[in-house]
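# Coordinate inspection notes
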Amino acid sequence: MYKFRAKSKQCSISTLYFLSMFCALKGTPKGELVHGFQIWINVPSEKKMDDPSYGTEPSSKIPSLEKEGVVLNVLAGPFKTEGFEAMGPFKTTVNVQMLDISIQPDGTFTHILPVEYDNCLIYVFKGSSCQINKAKVSKGNVIRLNATDKINRMLTFSAGSGSEELRLLLFAGKMLNQPIAWHGPFVMTTQQVPIKQT
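Residues numbered from 1 in each chain as written. Predicted model: local features only at pLDDT ≥ 70, side-chain atom pairs only at ≥ 80, totals over all residues. Heavy atoms only, no water.

### Comments concerning the nonpolar core
The tendency in soluble globular proteins is for nonpolar side chains to be buried side by side. In this structure, I101, F157 and L170 are the most contacted members of the largest nonpolar core, which totals 27 residues. In contact with L170, other than residues within four places in its own chain, are Q97, M98, L99, I101, H111, L113, C120, L121, I122, L155 and F157. Core analysis: the second largest hydrophobic core is formed by 13 residues, F37, I41, I62 and L169 among them. (Core = buried A, V, L, I, M, F, W, Y, C linked by side-chain atoms within 4.5 Å. Buried < 20%, exposed > 50% of the residue type's maximum accessible area, 1.4 Å probe, protein only. Contact = heavy atoms within 4.5 Å.)

### Quick word on the pairing of strand β9 (residues 96-103)
Consecutive residues of a regular strand have side chains that alternate between opposite faces of the sheet. Of all eight residues in β9, eight are buried, a share of seventy percent or more. The side-chain alternation of β9 yields two buried faces, one formed by V96, M98, D100 and S102 and the other by Q97, L99, I101 and I103. Pairing analysis gives six bridges linking strand β6 (residues 70-76) to β9, with the strands arranged antiparallel. Paired with N73 across the bridge in β9 is D100. Here eight bridges tie β9 to strand β16 (residues 166-173), and the two strands are oriented antiparallel to one another. Bridging across to β16, M98 finds its partner in F171. (Helix = DSSP H or I, 4+ residues; strand = E, 2+ residues; numbered from the N terminus. Pairing = 2+ DSSP bridges.)

### Looking at the sheet that holds strand β14 (residues 142-146)
One open sheet holds the six strands; their spatial order is β5-β6-β9-β16-β11-β14, and the pairing between them is antiparallel. One side of each edge strand has no neighbouring strand; the edge strands of this open sheet are β5 (64-67) and β14. Within this sheet the neighbouring strands show an average axis-to-axis angle of 20°, counted without direction. (Axes fitted to C-alpha atoms, helices over the stretch in contact; angles between N-to-C directions.)

### Let's talk about the layout of surface pockets
Space inside the second largest pocket adds up to approximately 310 Å³. Forming the boundary of the second largest pocket are L65, K67, E68, V70, F79, K80, T81, T108, F109, T110, H111 and I112. When contributions to the lining of the second largest pocket are tallied by element, the ones reaching two or more residues are β5, β7 (78-81) and β10 (108-112). With five residues, β10 is the largest single contributor of residues to the lining of the second largest pocket. Among the residues making up the lining of the second largest pocket, the classes are represented as five nonpolar, four polar and three charged. (1 Å grid on protein atoms, 1.4 Å probe; cavity = no way out; pocket = protein on both sides within 12 Å on 5 of 7 lines; lining within 4 Å. Points joined across faces, edges and corners; volume = space filled by probe spheres on them. Nonpolar A, V, L, I, M, F, W, Y, C, P; charged D, E, K, R; others polar.)

### Let's talk about empty space enclosed by the protein
Taken as a whole and assessed by the stated rule, the structure comprises one cavity of 30 Å³ or more. Every residue lining the largest cavity is listed: G127, S128, S129, A159, G160, S161, G162, E164, E165 and L166. Looking at the lining of the largest cavity residue by residue, the class counts come to two nonpolar, six polar and two charged.

### Description of the packing of aromatic side chains
By the definition in use, this model includes three aromatic pairs. Ring geometry for F79 against F84: centres 6.1 Å apart, planes inclined by 55°, an arrangement best described as tilted. Across this residue pair, the class does not change: F79 and F84 are buried. When the centroid spacing of 6.3 Å and the interplanar angle of 15° are considered together, the rings of F109 and F157 count as stacked. With a gap of 48 residues between them, F109 in strand β10 and F157 in strand β15 (residues 154-159) connect regions that are remote in the sequence. Residues F109 and F157 agree in their burial class; the two are buried. (Phe/Tyr/Trp six-rings, centres within 6.5 Å; stacked < 30°, edge-to-face > 60°.)

Here's what the structure looks like:
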């Protein structure tokens, strides 16, 4: 697994996360399909003109927890559970938590959002059956959870029975509460600075 990140001068950090490695000059191993995700993280207005940056991280640098049919990769931010504590290798302008979670059929995983985050997105990208806190979520859907409640922060993910594992990405962060001026993947807080310059 390799992950790449880049930051546009006027907008945000982009993380492209490859779930399979490319073979040099010959595409993917044995013609396997490669899944990629590009994630744009909005940053405070005072940081939007920061110089761009780019970096990569090999899979050996990604903290991983394997326990009772669950594999969890800590991509960014802190993660702590009984007997395991890690910080994801990707550094972002704002404090975020990004997790890549895989759950085997009939398995469950419980995660408590850190108290510093008040917003959470979950993208289910594989699996025929998924429940999050007993609510059914179909593959290909993104759900947003209001995490402003400091007490009710527990998320329970359940994979249904069958042969396909459940895969999802979890993103948690702090709401910026600032205006949004959007053009393609670029996000500014005003149209006064021409957004097309990004």
